Amino acid sequence: MNVMDKARALALAAPLVLLGGALGSQYIGGLYPCEMCHWQRWPHMAAIALALLAILLRRTAATTLLTALAAVAILISGAIGIFHAGVEYGWWEGLTSCSTGLQGGSAEDILNSIMATPLTRCDQAQWTLMGISLAGFNAIFSIGAALAIFGYMAKAKKA
């Protein structure tokens, strides 16, 4: 496996693992995501699509750009994770309102949907390990993975 293959593999594996962990904590662990948790997931989904394209098109010039874009998406998720963790730790103010997606239907159906939706605050960590929240771990692992991808790409360019 050459260095660029490692960059592409990491660009796919990192968001898959992090998004898988987020979904596992939600559906298996019962930790309902807040709005900022969802914000961190979108760049990982984009990174997965970009990395898959980079792997499929690995023999073309577009592979480097697609891999770099995947790394940027992972880095964006990490930056959102820093912001979210800062809100949880009280370093800065976060969102001033909560929102939820409403399902269509009658007024009674909408009210029942609102009442059944768990309220999850963005400023309170639901789970921590050694004082680090899930948002903090996402920041650490996302930024680390993005930097490693960029490092592999730089090494491949020198070769």
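Above this text is the structure in question.
Residues numbered from 1 in each chain as written. Predicted model: local features only at pLDDT ≥ 70, side-chain atom pairs only at ≥ 80, totals over all residues. Heavy atoms only, no water.

Asker: Would you explain the packing of helix α1 (residues 3-27) against helix α5 (residues 134-158) in this entry?
Answerer: Two quantities define a packed helix pair, namely the angle between the helix axes and the distance between the axes. Close contact between α1 and α5 brings their axes to 8 Å; oriented N to C, the two are set at 170°. Judged by the angle between their axes, α1 and α5 are roughly antiparallel. Counted together, Val 3, Met 4, Lys 6, Ala 7, Leu 10, Ala 11, Ala 14, Leu 18 and Ser 25 of α1 and Leu 134, Asn 138, Phe 141, Ser 142, Ala 145, Ala 148, Ile 149, Tyr 152, Met 153, Lys 155 and Ala 156 of α5 form the full contact between these two elements. Class assignment of the residues belonging to the contact of α1 with α5 gives a composition of 15 nonpolar, three polar and two charged. (Axes fitted to C-alpha atoms, helices over the stretch in contact; angles between N-to-C directions. Helix = DSSP H or I, 4+ residues; strand = E, 2+ residues; numbered from the N terminus. Parallel < 35°, antiparallel > 145°, perpendicular 65-115°, else oblique. Contact = heavy atoms within 4.5 Å. Nonpolar A, V, L, I, M, F, W, Y, C, P; charged D, E, K, R; others polar.)

Asker: What exactly am I supposed to notice about the packing of aromatic side chains here?
Answerer: One pair of aromatic rings is described through two measures. These are the centre distance and the angle between the planes. According to the stated counting rule, one finds four aromatic pairs in the structure shown. Seen in terms of ring centroids, Phe 83 and Trp 92 are 6.3 Å apart; in terms of plane orientation they differ by 10°. Their pairing is stacked. Here Tyr 89 and Trp 91 contribute two aromatic rings whose centre-to-centre distance is 5.1 Å and whose plane-to-plane angle is 45°, an arrangement assigned as tilted. Relative accessible area serves as the criterion here: at 31%, Tyr 89 is assigned to the partly exposed category. (Phe/Tyr/Trp six-rings, centres within 6.5 Å; stacked < 30°, edge-to-face > 60°. Buried < 20%, exposed > 50% of the residue type's maximum accessible area, 1.4 Å probe, protein only.)

Asker: What's the story with the nonpolar core in this structure? I'm lost.
Answerer: It is characteristic of soluble globular proteins that their nonpolar side chains tend to be buried jointly. Membership of the largest hydrophobic core comes to 21 residues, with the highest contact counts inside it found for Ala 70, Ile 74, Ile 149 and Met 153. Those elements giving two or more residues to this core turn out to be α1, α2 (35-56), α3 (62-88) and α5. Setting aside its immediate chain neighbours within four residues, Ile 149 contacts Ala 7, Leu 10, Ala 11, Thr 67, Ala 71 and Ile 74. (Core = buried A, V, L, I, M, F, W, Y, C linked by side-chain atoms within 4.5 Å.)

Interpretation in functional terms is not warranted from these geometric data alone.
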